Amino acid sequence: MLPAYNDVKHAISSSFDQLEDLRRRLIASRKKLRFALLGIAALNIFCYLYAPNYVPPAFAAMIIMIIVYVVRRKRAVAQFRAAYKSRIVAPLTQRMAECEYDPAARVGDEYVHRSQLFPFRISSIQGEDLFVGKLGLTHFQFSELKLIQEQASSDDGSTHKSIMFQGVLFVADFHKHFEGVTVLTGNWSSRNSRAGKVMTKVSKLLLERKSRTEDRVIKLENEAFNDAFEVRTSHDVEARYILSSNMMERLLDFKNRGQGRYAPIRISFVDSCMFVSIWNSKDQFEVNLNREINDKAAEEIYRELSFYFGLIEDFDLNTRIWSKA
């Protein structure tokens, strides 16, 4: 059971004032640059109207000021985010679970490929906010990921980049070595809308083309589960043992609430791990420089962490019904 926010906020409450002071100083510095930029813009207008000979140097000064403003703004955001993660996210993580947090790292390439959740060519992998730890008996890790595919244009040979996945990959020890591979693909719509059904059908056709030829679709005894997920497996018997009645109910509950309700999700059981991918275009575990630092902002981070730490309890991974062999 995860601790309540009121039980862990004492570890971060002393940082609120320091972070708010830093935020205000960075915003004040940015405002000064903005006023300077407006002044140079006004100078350009004056030179254009009354002193044409001075237009080129005035315009050059404005370009330089714009570059300085953009660079300083990015640095301010990066500085504040780094301070927030070290003083808020890291302490919260340590109080909530036996977990290490590295804001600059991500889940490794080997897990991305082993998961078999991304049946497309991956040209590059980006990511951040890696959490690695243990909750109860279960080892886990997760991070934000962005999977990019590069394609060359047939017309002019230029390269086009497409984001094939953006979200979080969660990896947990399932305490069993699987002989086969089982992959669950969730429907795109929790409300069975017409658009949702169309998107589900299209995505399944694409995935079917890319899936391994020995995999096949199976139906289980839970009709609601069959409506929510397509199950492909290379080991029919093993898949049915994994997807027990209790596990199907837990997966169905996860699919119908929270982020699993509104975002495409896929789940796989490979080697001895359970992999969960959740599409989410929002940068998580981040803070807005323009937003006041207070208890409410920190509690949002707590809720995001609770969602991912809570997956272990959601899927009952601490109950060891198998022994590794």
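For the structure, check the block above.
The structure displayed is predicted, hence computed values, not measured ones. (Residues numbered from 1 in each chain as written. Predicted model: local features only at pLDDT ≥ 70, side-chain atom pairs only at ≥ 80, totals over all residues. Heavy atoms only, no water.)

A. Quick peek at the overall build of the chain. Check the secondary structure of the chain and you find 11 helices and 9 strands. Out of the 325 residues in the chain, the part that is buried amounts to 47%. For the chain, restricting intrachain contacts to residue pairs at least 6 apart in sequence, the fraction spanning at least 24 positions comes to 70%. Accessible area for the chain stands at about 17,500 Å²; split by element, carbon and sulfur atoms hold 53% of it. (Helix = DSSP H or I, 4+ residues; strand = E, 2+ residues; numbered from the N terminus. Buried < 20%, exposed > 50% of the residue type's maximum accessible area, 1.4 Å probe, protein only. Contact = heavy atoms within 4.5 Å. Areas by Shrake-Rupley, 256 points an atom, 1.4 Å probe, with all protein chains shown as cover.)

B. Inspection of the packing of helix α2 (residues 16-50) against helix α3 (residues 55-96) at higher detail. Contact geometry of α2 with α3 gives a least axis separation of 9 Å together with a crossing angle of 170 degrees. The angle between α2 and α3 falls in the class roughly antiparallel. Considered class by class, the residues forming the contact of α2 with α3 number 26 nonpolar, 4 polar and 6 charged. (Axes fitted to C-alpha atoms, helices over the stretch in contact; angles between N-to-C directions. Parallel < 35°, antiparallel > 145°, perpendicular 65-115°, else oblique. Nonpolar A, V, L, I, M, F, W, Y, C, P; charged D, E, K, R; others polar.)

C. Representation of the pairing of strand β4 (residues 159-173) in the model. With 13 bridges joining them, strand β3 (residues 138-152) and β4 adopt antiparallel strand pairing. Paired with Leu147 across the strands is Phe165, a residue of β4. Pairing of β4 with strand β9 (residues 273-279), which is carried by 7 bridges, proceeds in the antiparallel orientation. Note that in β9 the partner of Asp173 across the bridge is Cys273. (Pairing = 2+ DSSP bridges.)

D. Summary view of the pattern of salt bridges. Using the criterion set out here, one finds 14 salt bridges in the structure. The salt bridge involving Lys282 is made with Glu304; its shortest N-O contact spans 2.7 Å. Taken together, the residues Lys282 in the loop between β9 and α10 (295-309) and Glu304 in helix α10 connect sequence positions 22 residues apart. We classify Lys282 as partly exposed; its relative accessible area is 44%. When salt bridges with common partners are traced through the structure, they connect Arg81, Lys85, Glu128, Asp129 and Glu286 into a single cluster. (Salt bridge = Lys/Arg side-chain N within 4 Å of Asp/Glu carboxyl O.)

E. Examining the packing of α3 against α10 more closely. The geometry of α3 relative to α10 is characterised by a closest axis approach of 10 Å and an angle of 45 degrees between their N-to-C directions. Compared by their axis directions, α3 and α10 come out oblique. Considering the relative orientation of α3 and α10, their crossing is right-handed. Taking contact as the criterion, the partners of Tyr84, Ile88, Val89, Leu92, Thr93 and Met96 in α3 are, on α10, Ala297, Ala298, Ile301, Tyr302, Leu305, Ser306 and Phe309. (Left-handed = near helix turned anticlockwise from the far one by under 90°.)

F. A look at the side chain of Ser15. Along the chain, Ser15 falls in the loop between α1 (5-8) and α2. Once residues within four sequence positions are removed from consideration, Ser15 is found in contact with Arg87 and Ile88.

G. Inspection of the sheet that holds strand β1 (residues 98-102) at higher detail. The antiparallel open sheet is built from 9 strands, whose spatial order is β1-β2-β3-β4-β9-β8-β5-β7-β6. Both edges of this open sheet fall to β1 and β6 (216-218), since each of them pairs with a single strand only. Within this sheet the neighbouring strands show an average axis-to-axis angle of 20 degrees, counted without direction. In this structure, β1 lies alongside strand β2 (residues 124-135), joined through 5 bridges in antiparallel fashion.

H. The packing of aromatic side chains, seen in detail. Overall, the coordinates contain 25 aromatic pairs when judged by the stated rule. Members of the aromatic cluster, each reached through a chain of ring pairs, are Tyr101, Phe131, Phe140, Phe142, Phe170, Phe254, Phe285, Phe307, Tyr308, Phe309 and Phe315. (Phe/Tyr/Trp six-rings, centres within 6.5 Å; stacked < 30°, edge-to-face > 60°.)

I. Representation of the pairing of strand β8 (residues 265-270) in the model. Burial runs high along β8: 6 of the 6 residues are buried. The alternating pattern of β8 places Ile265, Ile267 and Phe269 and Arg266, Ser268 and Val270 on opposite faces, both of which are buried. Across 4 bridges, the pairing between strand β5 (residues 182-186) and β8 is antiparallel. Looking across to β8, one finds that Leu184 is bridged to Ile267. In terms of strand pairing, β8 meets β9 through 6 bridges, oriented antiparallel. Of the residues in β9, the one forming a bridge with Arg266 is Ser277. The hairpin turn running from β8 into β9, its antiparallel successor, is 2 residues long, and Asp271 in that turn takes a positive phi close to 55 degrees.

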